[in-house]
Amino acid sequence: MTKEYNTIVSLGKKNLTQADENKIRQLLLHAGISVTAQLDASQLLIASKDRELLKQIIAVLRQKGYAPVTQKQEIPVLDMSCASCASSIQSMMLAQPGVLHANVNFANTSAEVEYLPDLIQEQDLQKVVRAIGFDLLLEPAASREEKKDVLQQAQYSKLKRKTIIALLLALPVFVYGMFFMHAPFANWIMFACTTPLLFWVGRDFFVHAWKQAQHRTVTMDTLVALSTGTAYIFSVFTLFFPDFWLKSGLAAHVYFEAAAVIIAFVLLGKLLEARAKSHTSEAINKLMGMQPKTVVRLDAQGAQQEVEIAEVIVNDLILVRPGEKIPVDGVVEQGQSFVDESMLSGESAAVSKGKGESVYAGTVNQRGSFQFRAQKVGQETVLAQIIALVRHAQGSKAPVQKLVDKIAGIFVPIVMGIALLSMLIWILFGGEHGLTQGIMVFVTVLVIACPCALGLATPTAIMVGVGRAAAAGILIKDAESIEKAKDLDVVVFDKTGTLTVGRPQLTDQYWLDNEDQHHKNVLVAMERLSEHPLANAIVTAWPDAPMLEVDNFESVTGYGISAVYDGNAYFAGNRRFMTNNKVPITNSQLEQAAEYAKSGQTVIWFALAQRVLALLAIADPIKDSTQSAITTLHQMGIQTHMLTGDNEATATAIAEQANIQHVQAEVSPEGKAQFIAKLQSAGHIVGMVGDGINDSAALAKADVSIAMGKGSDIAMDVAKMTIISSDLCQVAVAIKLSQLTVKTIRQNLFWAFIYNVVGIPIAAGILYPSFGFLLSPMIASAAMALSSVSVVSNSLRLKWRNIGSVVEEIK
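Please read all numbers here as calculations on a predicted model, not as lab measurements. (Residues numbered from 1 in each chain as written. Predicted model: local features only at pLDDT ≥ 70, side-chain atom pairs only at ≥ 80, totals over all residues. Heavy atoms only, no water.)

**Here we look at the overall build of the chain**
For the chain, the count of helices and strands is 31 helices and 29 strands. Taking all 811 residues of the chain together, 51% fall into the buried category. Contacts in the chain between residues at least 24 apart in sequence constitute 68% of all its contacts with a sequence separation of at least 6. Accessible area for the chain stands at about 36500 Å²; split by element, carbon and sulfur atoms hold 55% of it. (Helix = DSSP H or I, 4+ residues; strand = E, 2+ residues; numbered from the N terminus. Buried < 20%, exposed > 50% of the residue type's maximum accessible area, 1.4 Å probe, protein only. Contact = heavy atoms within 4.5 Å. Areas by Shrake-Rupley, 256 points an atom, 1.4 Å probe, with all protein chains shown as cover.)

Below you can see the structure in the form of structure tokens.
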């Protein structure tokens, strides 16, 4: 290979011929790609490091059947403190040759990277990231999430300790600095408390700021380090050399309290943020926990052997006993049972399984035993694909970055520039006291522009908003969902357990013998012996029925049950069961059954050997709050959709009852996530409301995800909001609270910046030529404190807001 070639793309094919080389050249030329390239064995050598060009070349090759080798990895990122940190890491990764794509997500502290393995490896990326003060967790893929959780928990505990220590150290400094500054030894006490607060508790601010400065970037850490460091150095100088100021006719003030309070409050804000993100990986861990650790494998002679799930291969024969989780995907070869597949379909009714039926990893076998042949194992199972979907959706970058970090990217360098320029002007044109006044102006500008109020603007409003939501029975996991919920224009609902009650109930009945009590008691006695999930709906409908003993009870999987009582044979099941047992059926009975089925209900036929006794309709009814909730959302201008794995008839019937505008039936878990993505690509801000494991991928994909409190733990872990009571009316309340909270945040940011807009020019000395007024750092620190008080007070207005009035505003 000649030196001019600097990019290698492995094509995944060996011994490429001259014809292959010519074909590839023609493909690139046809796509409008002009690049100096040559083929060497199975490698395409390209004289370009242009990332977009490389991505284009790889796309063309894949379209034409070649397999260029790229590596995709999701790597945990350590030590990030703000969204601008994520941007810095992402920029550094993308600047490396061979990196095709990089997306660093601050919310879940991970980086999705695609790169050419012949040019760069994970270890190379780690070196780049470490150079700017961060790190990558390069554990084996199987243990990365677990290790990341351990490190995050340790980091959170460390941050919590530091915040408590910072608050304890800052309190006496603040009290002395604001009220007892002339007390004996006050300055020395403040010095003693502030020094460890800055250089031990707040050390990371200075370390990160220095490493960022080395790469010509600035973040909030820069402003914190510069403002607190300058205030501290100025105060230490004044403490040890007060005569320097006294000889110039100036008071020898110290400003330790400004430095101490800034560090304490910023750490508090970081702790609140870390707390919101501390459970991001629990959903993945619980999904992984749905797969058993060991399985019972049968050898050729039928002998049982318990093995680790990692040892299972395709075509192994697996035994599943009552109550066990199915370990991998496969097909039943022997035995019959009912399997709870609610984690996939979301439907409460268990599914009958017999020979030739498919079973899926993570689903739960009920009372029967069966043997099945493994067809998909490891990462190929449906459960593994759901895990991958959730992980990908959680790792995708949010469309809206944190507002404060965006502003800080502009605000920090501007403030630094103003402070330096002001100091130089005073030194050059300030006359006899130009130097001392210039230094004081520099400190004053940095102190008045400190990010204390800016750091409190969002977390205080979020804290109060989350508290008000909790009072309304809505648990909110993070600030991002509050920021986005106000913009929702589409809300997608799961059916079972979300719009409906979530358990089958006897909804209608048609008795041909005027509801003969004797026959009803026999029916209940039979259903008490049945393992079918719908049996419980009939038993609970008549809890006072006497305990009769029936003879010759038999359950026919997929059809129904039969028994003998008082010499008479009774049958309960579907229509095919009646036909198989030669029970006469009339046209009027068929019409009644069709009417029930049309409305989405399951029909149970109950009969003697000679005639039908009753038709029983069983369904999962909608919740009392469903219609009201959907109507309220429509009044707010929000579209509604329903997605369900159930059949078309049932889905349509429920949608009509609930007044849902759009409905999609027989949708898989992956299909739900794809439908959410389709709405998003059309420009909609989408909310997803669900309660089951099968909703987890869609919940993770949605802009705002809401889980029902009585649903699965997985759904609640993935979702950003949880409605404790499962009252759907609270969806509208959550959206309204989002609007109020974001409004408060914007007001807070206004107050945080208005002090800077007015205060910075005054601190720089703009009033001095006309009025002889020069703001002192002490007044500047008081203004800083006042801005914080105004921000907190404004947030508390939301706390005092009557939640009842919020609900009334919606209605």
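That was the structure; now back to the text.
**Points about the UniProt feature "transmembrane region" (unreviewed entry) in the chain**
The UniProt feature table records "transmembrane region" (unreviewed entry) at residues 163-179, 185-202, 223-242, 254-272, 407-429, 435-458, 749-768 and 774-792. Along residues 163-179, the helical share is 100% and the strand share 0%, with 24 Å between the first and last C-alpha atoms. The distance from the first to the last C-alpha atom of residues 185-202 is 24 Å, and the span holds 89% helix and 0% strand. (UniProt positions renumbered as here; feature names shortened; annotations may be inferred.)

**Focus: helix H6 (residues 186-201)**
Across its 16 residues, H6 extends 22 Å between first and last C-alpha, which sits within 8% of the 22 Å expected from 1.5 Å per residue. Along H6, the positions that sit buried rather than exposed are Ala-186, Met-190, Cys-193, Thr-194, Leu-197, Leu-198 and Val-201. (Expected span 1.5 Å × (residues − 1).)

**A word on the pairing of strand E5 (residues 99-105)**
Counting buried residues along E5, six of its seven residues qualify, which places the element largely inside the surrounding structure. In terms of strand pairing, E5 meets strand E6 (residues 110-115) through six bridges, oriented antiparallel. The residue bridging Val-104 from the neighbouring strand is Ala-111, located in E6. (Pairing = 2+ DSSP bridges.)

**What about the packing of aromatic side chains?**
In this structure the tally under the stated criterion is 14 aromatic pairs. Taking the centre distance of 5.0 Å and the plane angle of 75° together, the rings of Phe-199 and Tyr-232 count as edge-to-face. With Phe-199 in helix H6 and Tyr-232 in helix H8 (residues 220-240), this residue pair connects regions lying 33 residues apart in the sequence. Of the aromatic side chains, those joined through ring pairs into one cluster are Trp-188, Phe-191, Phe-199, Phe-206, Tyr-232, Phe-240 and Phe-256. (Phe/Tyr/Trp six-rings, centres within 6.5 Å; stacked < 30°, edge-to-face > 60°.)

**Examining the nonpolar core**
Val-445, Phe-493, Leu-633, Ile-660, Val-689, Leu-728 and Val-731 are the most contacted members of the largest nonpolar core, which totals 61 residues. Sorting elements by how many residues they give to this core places helix H28 (residues 729-764) first, with 14 residues. Those residues in contact with Val-689, other than ones at most four positions away along the chain, are Val-491, Val-492, Phe-493, Asp-494, Thr-498, Ile-706, Met-708, Leu-728 and Val-731. Listed in part, the 26 residues of the second largest apolar core include Ala-170, Val-173, Phe-256 and Leu-271. (Core = buried A, V, L, I, M, F, W, Y, C linked by side-chain atoms within 4.5 Å.)

**A few points about the sheet that holds strand E10 (residues 317-320)**
One open sheet accounts for six strands, arranged E9-E8-E10-E16-E11-E14; its pairing is antiparallel. Two strands close off the open sheet at either side, each with one partner strand: strand E9 (304-308) and strand E14 (358-359). Of the pairings in the sheet, the one linking strand E8 (residues 294-298) to E9 comprises five bridges and is antiparallel in character. Along E9, the bridge assignment pairs Thr-294 with Glu-308.

**Observations regarding the confidence of the model for the chain**
Averaged over all residues, the pLDDT of the chain equals 78, while 77% of them reach at least 70. In the predicted structure, residues 1-5 sits below a pLDDT of 50 and forms ten contacts with residues beyond four places in sequence or in another chain. Taken together, the stretch residues 393-401 has pLDDT below 50 and engages in 29 contacts with residues farther than four places along the chain or on a different chain. (pLDDT = per-residue confidence, 0-100.)

**Examining the sheet that holds strand E23 (residues 602-608)**
Overall, antiparallel pairing links the six strands, which are arranged E19-E24-E23-E22-E21-E20 in an open sheet. Two strands bound the open sheet, and with one partner strand each, they are strand E19 (505-511) and strand E20 (551-556). Averaged over all adjacent pairs, the angle separating strand axes in this sheet is 15°, with direction ignored. Bridge count between strand E22 (residues 568-573) and E23: four bridges; the pairing is antiparallel. Residue pairing for E23: Phe-571 is matched across the bridge by Ala-607. Strand contacts of helix H19 (residues 517-529): E19, E20, strand E21 (560-565), E22, E23 and strand E24 (612-619), with the helix running at about 65° to E22, the strand carrying the most contacts. (Axes fitted to C-alpha atoms, helices over the stretch in contact; angles between N-to-C directions.)

**Quick notes on the side chain of Ser-337**
Positionally, Ser-337 belongs in strand E12 (residues 337-340). A polar side-chain atom of Ser-337 sits 2.5 Å from a polar atom in the side chain of Asn-365. With residues up to four places along the chain from it excluded, the contact list for Ser-337 reads Val-351, Ser-352, Lys-353, Asn-365, Gln-366, Arg-367, Gly-368 and Phe-370. (Polar contact = N/O pair within 3.5 Å; in protein donor to acceptor, adjacent residues only side chain to side chain.)

**Focus: the environment of Ile-439**
Positionally, Ile-439 belongs in helix H15 (residues 434-448). Overall, Ile-439 belongs to the partly exposed group, its relative accessible area being 27%. Setting aside chain neighbours within four positions, we find Ile-439 in contact with Phe-234, Trp-245 and Met-423.

**A word on the environment of Ser-562**
Position of Ser-562 relative to the elements: it lies in strand E21. Residue classification places Ser-562 among the buried positions, given a relative accessible area of 11%. Sequence spacing of Ser-562 and Leu-523 is 39 residues, and the spatial spacing of their C-alpha atoms is 9.8 Å. Beyond its immediate sequence surroundings of up to four residues, Ser-562 is in contact with Met-526, Asn-552, Phe-553, Glu-554, Tyr-570, Phe-571 and Phe-577.

**Concerning the pairing of E21**
In this sheet, E21 lies alongside E20 in antiparallel orientation, the contact comprising four bridges. Along E21, the bridge assignment pairs Asp-551 with Val-564. Hairpin remark: E21 followed by E22, antiparallel, with two residues in the connecting loop; positive phi at Asp-566, about 55°.

**Focus on helix H7 (residues 203-214)**
The terminal C-alpha atoms of H7, which comprises twelve residues, lie 17 Å apart, in line with the 16 Å expected from a rise of 1.5 Å per residue. Those residues of H7 not exposed but buried are Phe-205, His-208, Ala-209 and Gln-212. What you see down the axis of H7 is that its buried residues fit within an arc of 100°, all on one side. (Arc of directions from axis to C-beta.)

**Examining the pattern of salt bridges**
Under the criterion given, the structure shown has eight salt bridges. The salt bridge partner of Glu-333 is Arg-373, with a shortest N-O separation of 3.0 Å. Taken together, the residues span a long stretch of sequence, with Glu-333 in strand E11 (residues 329-335) and Arg-373 in strand E16 (residues 370-376) at a distance of 40 residues. Overall, Glu-333 belongs to the partly exposed group, its relative accessible area being 35%. On the basis of relative accessible area, Arg-373 is assigned to the partly exposed category, the value being 26%. (Salt bridge = Lys/Arg side-chain N within 4 Å of Asp/Glu carboxyl O.)

**Regarding the side chain of Lys-353**
Mapped onto the elements of the fold, Lys-353 is located in strand E13 (residues 351-353). Polar side-chain contacts of Lys-353 include one of 2.7 Å to the backbone oxygen of Ser-358. Look past the residues within four positions of Lys-353 in its chain and what remains in contact with it is Val-332, Gly-335, Gln-336, Ser-337, Val-339, Glu-341, Ser-358 and Val-359.

**A look at the environment of Trp-200**
Looking at the element boundaries, Trp-200 is found in helix H6. Counting along the chain gives 34 residues from Trp-200 to Ala-166, while the straight-line C-alpha distance between them is 9.8 Å. Apart from the residues lying within four places of it in its own chain, the contact partners of Trp-200 are Lys-162, Ile-165 and Thr-195.

**Concerning unusual backbone geometry**
Of note, the phi angle at Asp-566 is positive, near 55°, even though the residue is not glycine. Secondary-structure assignment places Asp-566 in the loop between E21 and E22. The phi dihedral of Asn-659 falls on the positive side, at around 70°, and the residue is not glycine.

**So, the packing of helix H23 (residues 626-635) against H28**
Two numbers describe how H23 lies on H28: the axes approach to 7 Å, and their chain directions differ by 35°. Of the residues in H28, those in contact with Ser-628, Ala-629, Thr-632 and Leu-633 of H23 are Cys-729, Val-731, Ala-732 and Ile-735. Within the contact of H23 with H28, the residues separate by chemical class into six nonpolar, two polar and no charged. (Nonpolar A, V, L, I, M, F, W, Y, C, P; charged D, E, K, R; others polar.)

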